[in-house]
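So you can see what is in the structure, the chains are spelled out below.
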Amino acid sequence: MAISISALSERTNTALDFYTRTQPIGQNVANKPLLTALEAGKKEFPGGQGYVSGPIQGNWASDTDGFFGWYSDSDQVTFVHPDDIQQAKYIWREWHAGIVLSYSDLKRNGVSVDTSGKPVNTPAREIQIVDDWLEAKITTDFGESLSRSLNDALYRDGSQSAKAVVGLFGLLDDDPTSGTVGNIDRATYDFWRHRVNLSVAYSPENLSMLNFLDDEMLQLMKFGGQPSLALCGSDWLGAMRREIRKSGQVQNANWNSKTATQVKMADVVYGNMVFQYDPELDKKGKSKRAYILDERHIKLMPMKGSWGQVNQATRPYDQFVLFKSVTGTCTISIDQFNCHGVYGIP
């Protein structure tokens, strides 16, 4: 039996639209905590300009001599101009994910595509075959592929393409003392710098990592930061676990059962923040790294109405295929840097 090209196209659009609306990107198959967190907290911006901007302030009138002083009687006092607000700007970028659906592939599943334009009465069995075929192509293959591609892009520094968004490695790089990020020169404005320590000591005997984190968390909270997301490579998380085991916390909690000894360690948590293993860090050669973020101050920002748009391209006259795609427009914006940190062990 056959299905009309219009019916196939409509059902494909419905499947894509249903996927992008009901399946949060980042929840599909693999563990992608960065993508999951940013997608869940995304904040839309209106179109109109080539960038997303927002006011920031790191200097204050009190930093200028003459703002505050003592006087008596007829002493002359001084005034300063409070000109300390700047605009951080992040260029938005556009992404596209496209697939080709072959008529021949559908024939192999027992359904042909009728391109005559005439009405076709497709039995329910064939409709179910088409729906199952689309689920395999879109939910399983397309969905995971899109999730992987976005996850990769959100981590990378933007150097892979002049049209790519600047991801985490570009925004929170290894040297926060130089370069321009968000149109603000970090060499000039030290408040526009994240914290970096790539030589964190590791010693199960001295609990060096745990002691470091106690001190470092104070620095991340110094200017109102509230660290809430910790992404780790396998080596970093493994080193933390070994220090925790050496401290005796696991034994004290788990060696008192009369029926079994629990050797599996629970999640590593600091306050309410879970140190999560992110396989993408291992994949990118950063298994010894940890990225600690304040989710209030790093946002995935899609353009309003331009995130997960389902598109349909015209079929070429000389090919029996169906082109479908999803597009998006977005940037990643950070409005405070000194509440984020990049860490590593030797």
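Residues numbered from 1 in each chain as written. Predicted model: local features only at pLDDT ≥ 70, side-chain atom pairs only at ≥ 80, totals over all residues. Heavy atoms only, no water.

Undergrad: Help me understand the packing of aromatic side chains in this model?
TA: Geometry of an aromatic ring pair is reported as the spacing of the ring centres plus the angle between the planes. Here the structure, examined in full by the defined rule, presents eight aromatic pairs. Arranged with centres 5.7 Å apart and planes meeting at 40 degrees, the rings of Phe-169 and Tyr-291 form a pair that is tilted. One end of the pair, Phe-169, is in helix α5 (residues 168–171); the other, Tyr-291, is in strand β12 (residues 289–293), and 122 residues separate them in sequence. For Tyr-291, a relative accessible area of 1% puts it in the buried group. Members of the aromatic cluster, each reached through a chain of ring pairs, are Tyr-189, Phe-191, Trp-192 and Phe-337. Its guanidinium or amino end placed over the ring of Phe-169, Lys-286 lies 5.0 Å from that ring's centre, counting from NZ or CZ. (Phe/Tyr/Trp six-rings, centres within 6.5 Å; stacked < 30°, edge-to-face > 60°. Helix = DSSP H or I, 4+ residues; strand = E, 2+ residues; numbered from the N terminus. Buried < 20%, exposed > 50% of the residue type's maximum accessible area, 1.4 Å probe, protein only. Lys NZ or Arg CZ within 6 Å of the ring centre and 35° of its normal.)

Undergrad: Quick question: what am I supposed to make of the pattern of salt bridges here?
TA: Opposite charge on two side chains lets them pair, provided their charged atoms get close. Overall, the coordinates contain 10 salt bridges when judged by the stated rule. Here Arg-289 ties to Asp-174 by a salt bridge, and the two come within 3.0 Å at their closest N and O atoms. With Arg-289 in strand β12 and Asp-174 in the loop between α5 and β6 (180–181), the pair connects residues that are 115 residues apart, well separated along the chain. A residue is classified by how much of its surface remains accessible, and Arg-289, at 12% relative accessible area, is buried. Between Lys-284 and Glu-280 there is a salt bridge, and its shortest N-O distance comes to 2.9 Å. (Salt bridge = Lys/Arg side-chain N within 4 Å of Asp/Glu carboxyl O.)

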